[in-house]
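Take a look at the letters that make up each chain.
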Amino acid sequence: MNKKAPLIVMIAALSFSSFNAMAAGECAAQVVSKLASNATYKALNAKLAPKVANLTAKLKAVKDQPTYASLLSEVKATAGTDRLVITLADGTVVVDTGKSANNNYGTYAAKGVNENHNSRVAIMLAQTHECGLGVETKYSSTDKSQEKYVAIRLGAYLDSAGTARLSRK
């Protein structure tokens, strides 16, 4: 083995880690282009983004019915006529304004508000990209219509409290 081999290995390792760090700081291409070009995505993002810090704090505080009720109140005020889903980082649904009868601390603790949302595209994008944003258009089985979704991670990349996903028909 020549003396240059360890140096080449070190350069390759640094290049690979730099590439990964650079990629992690970006959004998926479709997120950026859709947020820039679609009026509904823009409106949902503009409505949700200013509420992220408050939603994050209230989600982190949930430990009983009164703290859950505080989060629910904030979620309803933020959603207005749109649908807002708050999940934990693992996809457990905490609040879903589309499932109002299930929105209480006991149902949340039993993981019964709605099915796990960890496979929802917008939520996955928000959790897996450092930018913390995700978008999606899909047929909603809950509302039986096409909906556009914008998701924003609630907290730091790889260490968040969860995700807020706002949607509109």
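Above this note sits the structure.
## Things to note about the packing of aromatic side chains
Consideration 1: Going through the model one piece at a time under the given rule, you end up with two aromatic pairs.
Consideration 2: Seen from their ring centres, Tyr68 and Tyr108 are 6.0 Å apart, and the 25° between their planes marks the pair as stacked. With Tyr68 in helix α5 (residues 65-79) and Tyr108 in helix α6 (residues 105-109), this residue pair connects regions lying 40 residues apart in the sequence.
Consideration 3: Looking at Tyr68, the relative accessible area reads 0%, which means it is buried.
Consideration 4: Given the relative accessible area of 15%, Tyr108 is considered buried.
Consideration 5: The interplanar angle of 65° and the centroid separation of 5.8 Å between the aromatic rings of Tyr105 and Tyr108 together place this pair among those described as edge-to-face.

## Topic: the sheet that holds strand β4 (residues 145-156)
Consideration 1: Strand order in the open sheet formed by five strands is β2-β1-β5-β4-β3, and the pairing between neighbours is antiparallel. The open sheet is flanked by β2 (93-96) and β3 (133-140), the only strands paired with a single partner. Taken pair by pair, the neighbouring strands of this sheet meet at an average axis angle of 20°, ignoring direction.
Consideration 2: Direction of pairing for β3 relative to β4: antiparallel, over a ladder of eight bridges. The residue bridging Lys138 from the neighbouring strand is Glu147, located in β4.
Consideration 3: Each of β3 and β4 touches helix α2 (residues 29-37); the most contacted strand, β3, lies at about 80° to it.
Consideration 4: Against the sheet, helix α7 (residues 121-128) makes contact with β1 (83-88), β3, β4 and β5 (159-168), and its axis sits at roughly 170° relative to β3, the strand it touches most.

Rules of the game
Residues numbered from 1 in each chain as written. Predicted model: local features only at pLDDT ≥ 70, side-chain atom pairs only at ≥ 80, totals over all residues. Heavy atoms only, no water. Phe/Tyr/Trp six-rings, centres within 6.5 Å; stacked < 30°, edge-to-face > 60°. Helix = DSSP H or I, 4+ residues; strand = E, 2+ residues; numbered from the N terminus. Buried < 20%, exposed > 50% of the residue type's maximum accessible area, 1.4 Å probe, protein only. Pairing = 2+ DSSP bridges. Axes fitted to C-alpha atoms, helices over the stretch in contact; angles between N-to-C directions. Contact = heavy atoms within 4.5 Å.

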